[in-house]
There are 2 protein chains.
Amino acid sequence: MKTIEEDNKRTEIFKVLSDINRLQMIRILYKSHREMTCSEVGEKLNISKSTVSYHFKLLRSVGLTNTRREGQNKYLSINLVTFKIYLPGFLETL
Amino acid sequence: MKTIEEDNKRTEIFKVLSDINRLQMIRILYKSHREMTCSEVGEKLNISKSTVSYHFKLLRSVGLTNTRREGQNKYLSINLVTFKIYLPGFLETL
DNA sequence: TCTATAGTTTGATAACTAACGAACTATGAA
DNA sequence: TTCATAGTTCGTTAGTTATCAAACTATAGA
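This write-up is about the structure you can find in this document.

Calculation criteria
Residues numbered from 1 in each chain as written. Chains lettered and ligands numbered in written order. Predicted model: local features only at pLDDT ≥ 70, side-chain atom pairs only at ≥ 80, totals over all residues. Heavy atoms only, no water. Salt bridge = Lys/Arg side-chain N within 4 Å of Asp/Glu carboxyl O. Buried < 20%, exposed > 50% of the residue type's maximum accessible area, 1.4 Å probe, protein only. Helix = DSSP H or I, 4+ residues; strand = E, 2+ residues; numbered from the N terminus. Axes fitted to C-alpha atoms, helices over the stretch in contact; angles between N-to-C directions. Parallel < 35°, antiparallel > 145°, perpendicular 65-115°, else oblique. Left-handed = near helix turned anticlockwise from the far one by under 90°. Contact = heavy atoms within 4.5 Å. Nonpolar A, V, L, I, M, F, W, Y, C, P; charged D, E, K, R; others polar. Near = heavy atom within 4 Å. Polar contact = N/O pair within 3.5 Å; in protein donor to acceptor, adjacent residues only side chain to side chain.

### Quick look at the pattern of salt bridges
Between side chains of opposite charge, pairing is possible as soon as their charged atoms come close.
Working step 1: Per the stated rule, a full pass over the model turns up 10 salt bridges over all chains.
Working step 2: Two residues, Arg-68 of chain A and Glu-70 of chain A, come together in a salt bridge whose shortest N-O distance is 2.7 Å.
Working step 3: Residue class for Arg-68 of chain A comes out partly exposed when judged on its relative accessible area of 33%.
Working step 4: Among the salt bridges present, the one from Glu-35 of chain B reaches Arg-68 of chain B, with a minimum N-O distance of 2.6 Å. With Glu-35 of chain B in the loop between helix 2 (20-32) and strand 1 (36-37) and Arg-68 of chain B in strand 2 (residues 65-70), this pair connects stretches of sequence that are 33 residues apart.
Working step 5: Ionic contacts of the salt-bridge type, sharing partners, join the residues Asp-7 and Arg-10 of chain A together with Arg-27 of chain B into one network.

### Describing the packing of helix 2 of chain B against helix 3 (residues 38-45) of chain B
Helix-helix packing: each pair is described by the crossing angle between the helix axes and the interaxial distance.
Residue and element names in this part refer to chain B.
Working step 1: Viewed as axis vectors pointing N to C, helix 2 and helix 3 meet at an angle of 120°, and their least axial separation amounts to 11 Å. As the angle between them shows, helix 2 and helix 3 are arranged oblique. Our pair here, helix 2 against helix 3, has a crossing hand that is right-handed. Counted together, Asn-21, Gln-24, Met-25 and Ile-28 of helix 2 and Val-41, Lys-44 and Leu-45 of helix 3 form the full contact between these two elements.
Working step 2: Counted by class, the contact of helix 2 with helix 3 contains 4 nonpolar, 2 polar and 1 charged residues.

### Looking at the protein's contact with DNA strand C
Working step 1: Near DNA strand C lie 25 residues; those nearest to it are Arg-22, Tyr-54 and His-55 of chain A together with Ser-39 and Ser-53 of chain B.
Working step 2: Considering the 4 Å shell around the protein, atoms of DNA strand C inside it are sugar or phosphate in 69% of instances.
Working step 3: Between DNA strand C and the protein, one listed contact pairs a phosphate oxygen with a side-chain N or O atom of Arg-22 of chain A at 2.6 Å.
Working step 4: Here a phosphate oxygen of DNA strand C sits 3.2 Å away from a polar atom, N or O, in the side chain of Arg-60 of chain B.
Working step 5: The set of elements that each furnish at least two residues to the surface near DNA strand C consists of helix 2 (20-32) and helix 4 (49-61) of chain A together with helix 3, helix 4 (49-61) and strand 3 (73-78) of chain B.
Working step 6: Per-class residue counts for the surface near DNA strand C are 4 nonpolar, 13 polar and 8 charged.

Written out as structure tokens, the structure reads:
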């Protein structure tokens, strides 16, 4: 039997992926096969930088993305482990 | 390239699964390997019948469940096709 | 027809979410 | 130290969501 904590984790991940901007962020990162900066992704989606930051924070908070600082930039990438555990096969449907 | 309609469908499905009661409804239906009535599921989750009806309507609206009327009862079951298309491998993680 | 049971819809409410600009923090370059 | 760039946090606002009781609809049985 699964614990309530595990289910809360699941529903949090679904909530984070239930926004069209965040879904597209994940697709962009996944399809590009590389890290990208916040502003790089933000430009593609045509939303303000504060909104981009807000969405990236949510993605990170549930472990869907990794962040790596380098100078002024912060590079984001897909956390494949989380997807494998909670949504196996999903990325391939994008 | 995926269409915006497909992405809207994806995010709607995630939104529906981002609630703890609906996630548990899906698990109960999946694990039981049978159809169940609204009140049967509602009793297990200890929420009012109007709330159960509300959640079931959402599950149905995105095609995650099937409904079959028989007399006074409505029987619900998992729609495996939708899960296979949009969330392959997910049900097995429950 | 009347009654009971199963489920839906309505109306209200409290809590939450996405969006923006403005202000702020952090790092690097001149 | 001053300036510029990248990203975060704050405050606000409009829109959405989960919940319940009450009223309603639909079906079956007496």
